[in-house]
Amino acid sequence: NLDISMLVSSGRRVLSVTRARLLSTVAVASMEDGSLRAHVSRRGREAPALLPRYLSDARGVETFDAVSRPDGVLQLSVAENQMISDWLVPRIRSIAASPASDAHGGGAGLFEQADIFYQQTHGTPQCRAAVAAHMERVLCGGSYPIDPDKLVVGAGCNAVLENLLFALADAGEGVLVPRPYYAAFEFDLRARAALEVLPVAIRRGGFEASGYYPTADALEAAYASALSRGIAPRVLLLSSPNNPLGFCYPEEVLAECWDWAESKENLHVISDEIYAGSVYRTPADGQPPWTSLATVAARRGRQLGPSAHLVWALSKDFALSGLRVGALYTENEAIRTPLQKLNDLCQVGSPTQAIVSRLLTDQLDAATPRKLWCAAMEEANAARLRSRYDRLTAVLDQGGLRYLDAGAGLFLWIDLRPFLSYGDSGPPQRENSGSWAGAVGVEEALLPAREAEAERALYLRLIHEFGRLLLAA
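Throughout this description, residue numbers start from 1 for each chain and increase along the sequence as written. Two thresholds apply to this predicted model, a pLDDT of at least 70 for residue-level local features and 80 or more for giving and counting side-chain atom pairs, whereas whole-chain, interface and lining totals are computed over all residues. Based on all heavy atoms of the structure, the side-chain values leave hydrogens and waters out of the count.

Each axis is a line fitted through C-alpha atoms, and for a helix only the stretch in contact is used; angles between axes span 0 to 180 degrees, taken between their N-to-C directions. Under the scheme used here, helices are H or I runs from DSSP no shorter than 4 residues and strands are E runs no shorter than 2 residues, and both carry numbers assigned from the N terminus. Contact pair helix 5 (residues 125-138) / helix 13 (residues 350-361): the axes reach a minimum separation of 8 Å and the direction vectors enclose 35 degrees. Like other packed secondary-structure pairs, helix 5 and helix 13 cross with a definite hand, here left-handed. Together, Gln126, Cys127, Ala130, Val131 and His134 of helix 5 and Gln353, Val356, Ser357, Leu360 and Thr361 of helix 13 make up the contact between the two elements. Here the term charged refers only to Asp, Glu, Lys and Arg, the term nonpolar to Ala, Val, Leu, Ile, Met, Phe, Trp, Tyr, Cys and Pro, and the term polar to all other amino acids, Gly among them. Among the residues making up the contact of helix 5 with helix 13, the classes are represented as five nonpolar, five polar and no charged. Handedness of a crossing follows from how the near helix is turned relative to the far one, being left-handed for an anticlockwise turn of less than a right angle and right-handed for a clockwise one. In what follows, a contact means two residues having at least one pair of non-hydrogen atoms within 4.5 Å.

So this is what it looks like as C-alpha cells:
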C-alpha cells in the first residue's frame, strides 16, 4: 500500500521527485568519517537518520512555477494545504497592521510594549484562552470544557508532543503506534526522548477502513511482544483523523482503545487530533463522524483524567506550518510544571501568539457579528478539500485503482499491490514481530527484503513513467 498527499495545490503540473533528489545535504554516511566523529556526538550523528529521507530536504527543493521554474517540483511528500492562502495571507497582514493598544503604540502595528519581555513559558493568557475556545468548539463540539490553564502552547505539534512524551516516559520505554503511521513519529519519539517506537500490526482481511481500526486484541499482542523484548510500553499514540489513512476513528474504536489502555498500569493515551478541523465528508457520505477523545469522555460523563491527553496545531487545519504553533491539553497535575519548563526550549514568539489570538477570535465582519472568521475559513477549506478529493478519486476510478474512502485530512490511501512484481516466487510473508534495534525506519524494517525491494521498484517506475502529472483544470 502506498499513500499520497491529496493534490492540494492550485498548480496544473506536478513534478514528482525521486528520493535520491531529496537526500539530506549532510550525508549521514559521511559523519562516520573519523575527522567528523570527533566533532559530532553519537546521538548527533544518528538523529538525521531517524527522519525519512524524502523529508530531509522537503522544504528546500525548488518549487514549480510554470514561468520561472518549469523544472521545479510540487512537493507531495509534505502534508501542506496550499488551497487557502487567499484566506490566510490578507487576514494575517490585516491583523499585523492593527494598531497597538498600549501607550507606546502611536500607529499601525500589532506589537505591544509588553511583547518585548519574557512571557509565560506555556503561552500568553490571551493565546491560551483563544486556543482553548477553538479546541473546545472544533475538537469537542462544545461537549467538553477545555481549560486554558491546562494548555501548553509551543512551537508546533511535534515540539509539544515530544515534551509530553519526555514527561510521561523514560528513555528506552515504548510508545505503541498503530500501523501505518506518520513517518516522522520515529524522529519525534526517538531523536531526543530516546523512546522506542512499538508498531501495532492492525491489518485484517479485505481492503476497507475497518480493517485498519486498532483493536484491544491487536494492542494486547503488541504490548506483550514489547514486554518479551524487555521494553515497557508507557504510551498509546493514536492519530485521528488518521495520517496517512485519511479517515476518522469511530467513537467505539476510540473507546475500545482507551478502555484497553486503562486496564494497564501506568499506560497513557495521547490523541493526536491535528486534522480535526479538516473533516470534509460526513456520515451522509458513509464516513464515521468526527469524534475527539474528549467527546468520548463527555459522553461517558467523565474527565480525561491524568492519563489521557490531546495535541493539536495550526499547521494543518489553518495551513500555517510556518508559524510553528501547537498545543497540548492535559489534566495531569504532576506533569504540568515539567511541561511548562520544557516548553521554555520551544516557546512561540509574542507577536505570533498575538496574531493567533486574533485569528481564532475575530468575527467574520460587521454584518455577521456572531460568525467567527476562522469558522468561515474552515467551511471554505472543507469545500475545497472535498472538491479536490472528488477530482482525484474520479481519476482513480477511471483507472480502476482501489483506495480507502477518505473524509478528513490531506491523504488518500491507495492500493497498488497489483502492480508489485516479485518475479516467479510470489510475495513474501510479512513478519509482525522481532527486534528492530538499529533500524533507520521501524515501519520499513518490518518489510521482508524482497517486499521492500518490490515497493522500491514500483516507486521508481511510477516516477520514471508518470513523473509529470497533468491535472484537469
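A few words now on a nonpolar patch on the surface. Put simply, a patch holds well-exposed residues, over 30% relative accessible area, that have no salt bridge, with like charges counted together within 9 Å and Val, Leu, Ile, Met, Phe, Trp or Tyr side chains within 5 Å. Here the Shrake-Rupley method, with its probe set to 1.4 Å, supplies the accessible areas, and only the displayed protein chains count as covering residues. Salt bridges are defined as contacts in which a side-chain nitrogen from Lys or Arg sits within 4 Å of a carboxyl oxygen from Asp or Glu. A cluster of nonpolar side chains, Phe111, Ile116 and Phe117, forms an exposed patch at the surface whose accessible area comes to about 330 Å². Note on exposure labels: buried denotes an accessible area under 20% of the residue type's maximum, exposed denotes more than 50%, and partly exposed covers the range between, all computed with a 1.4 Å probe on protein chains only. Judged by its relative accessible area of 42%, Phe111 is partly exposed.

Looking now at the packing of helix 4 (residues 85-96) against helix 13. Between helix 4 and helix 13, whose axes approach to 10 Å, the crossing angle comes to 120 degrees. Viewed along their axes, helix 4 and helix 13 adopt a mutual orientation that is oblique. Here helix 4 runs over helix 13; the crossing is right-handed. Residue-level inspection shows Arg91, Ile92 and Ile95 of helix 4 in contact with helix 13, the latter providing Ile355, Arg358 and Leu359. Looking at the contact of helix 4 with helix 13 residue by residue, the classes come out as four nonpolar, no polar and two charged. By definition in this entry, angles of less than 35 degrees are roughly parallel, angles greater than 145 are roughly antiparallel, angles of 65 to 115 are roughly perpendicular, and the rest are oblique.

Here a Phe, Tyr or Trp ring, Trp counted by its six-membered ring, pairs with any other such ring whose centre lies within 6.5 Å, and the pair is stacked when the planes are under 30 degrees apart, edge-to-face when over 60, and tilted otherwise. Across all of its chains, the model carries ten aromatic pairs by this definition. Ring plane angle 85 degrees and centroid distance 5.1 Å describe the contact between Tyr182 and Phe185, whose orientation is recorded as edge-to-face. For Tyr182, a relative accessible area of 31% gives the class partly exposed. The class of Phe185 is buried, set by a relative accessible area of 3%. Both rings, one in Tyr213 and one in Tyr249, keep their centres 6.3 Å apart while their planes meet at 85 degrees; by these two values the pair is edge-to-face. With a gap of 36 residues between them, Tyr213 in the loop between strand 5 (196-200) and helix 8 (216-228) and Tyr249 in the loop between strand 6 (233-239) and helix 9 (251-262) connect regions that are remote in the sequence. Members of the aromatic cluster, joined through ring pairs, are Tyr213, Phe247 and Tyr249. The ring of Tyr223 carries the charged tip of Lys264 above its face, separated from the ring centre by 4.8 Å. A ring is considered to have a charge above it if a Lys NZ or an Arg CZ atom is located within 6 Å of its centre and within 35 degrees of its normal.

Right, let's talk about the environment of Ala354 for a bit. As for its position among the elements, Ala354 is in helix 13. Each C-alpha atom of the pair Ala354 and Leu110 lies 7.7 Å from the other, and the pair is 244 residues apart in sequence.

Tracing the backbone through its elements, the reader meets Lys316 in helix 11 (residues 314-317). Neither His nor the chain ends is counted toward charge; the positive residues are Lys and Arg and the negative residues Asp and Glu. As a buried residue without a salt bridge, Lys316 has its nearest oppositely charged side chain in Glu80, at a separation of 7.0 Å. Apart from residues no more than four positions distant in its own chain, Lys316 is found in contact with Ala79, Asn81, Ile274, Tyr275 and Ser278.

This part is about the nonpolar core. In this description, a nonpolar core means a group of buried Ala, Val, Leu, Ile, Met, Phe, Trp, Tyr and Cys residues linked to one another through side-chain atoms lying within 4.5 Å. Residues Val131, Met135, Ile146, Leu304 and Phe318 are the most contacted members of the largest nonpolar core, which totals 74 residues. Among the elements that make up this core, the one with the highest residue count is helix 9 (seven residues). When near neighbours in sequence (up to four residues on either side) are disregarded, Val131 contacts Leu151, Val153, Trp312, Ala327, Val356 and Leu360. Formed by 45 residues, the second largest nonpolar core is a distinct cluster that contains Ala79, Tyr280, Leu410 and Ile414.

Before going further, it helps to spend a moment on the confidence of the model for the protein chain. Confidence in the prediction of the protein chain, expressed as mean pLDDT, is 83, and 79% of residues score 70 or more. The predictor reports its confidence for every residue as pLDDT, a score running from 0 up to 100. In this model, residues 7-31 is a region of pLDDT below 50 whose contacts with residues beyond four sequence positions or in other chains number 74 contacts.

Okay, the pairing of strand 9 (residues 326-330) next. Burial runs high along strand 9: five of the five residues are buried. In strand 9, alternate side chains face the same way, and those of Gly326, Leu328 and Thr330 on one face and Ala327 and Tyr329 on the other are all buried. Paired strands, as defined in this entry, are two strands with at least two bridges between them according to DSSP. By the bridge criterion, five bridges tie strand 8 (residues 308-313) to strand 9 in an arrangement that is antiparallel. The residue of strand 9 that forms the bridge with Val311 is Leu328.

Tracing the sequence through the fold places Glu333 in helix 12 (residues 333-342). According to the relative accessible area criterion, Glu333 is exposed, its value standing at 54%. Residues Glu333 and Lys150, spaced 183 residues apart in sequence, show a C-alpha to C-alpha distance of 8.6 Å. A polar contact is formed between the side chain of Glu333 and the side chain of Arg336, at a distance of 3.0 Å. Any pair of nitrogen or oxygen atoms within 3.5 Å is treated as a polar contact; in protein, a donor-acceptor pairing is required on top of that, and neighbouring residues in sequence qualify only through side-chain atoms on both sides.

Below, the discussion takes up the sheet that holds strand 3 (residues 151-154). Ordered in space as 3-9-8-7-6-4-5, the seven strands form an open sheet in which the pairing is mixed. Each edge of the sheet is formed by a strand with only one pairing partner; in this case those strands are strand 3 and strand 5. Ignoring strand direction, the axes of neighbouring strands in this sheet form an average angle of 25 degrees. Pairing of strand 4 (residues 174-178) with strand 5 involves five bridges; the strand directions are parallel.

Right, let's get into the pattern of salt bridges. Scanning the model with the defined rule gives 18 salt bridges in all. The salt bridge partner of Arg234 is Glu173, with a shortest N-O separation of 3.2 Å. Separated by 61 residues along the polypeptide, Arg234 in strand 6 and Glu173 in the loop between helix 6 (157-168) and strand 4 bring together distant segments of the chain. A single burial state applies to Arg234 and to Glu173, both of which are buried.

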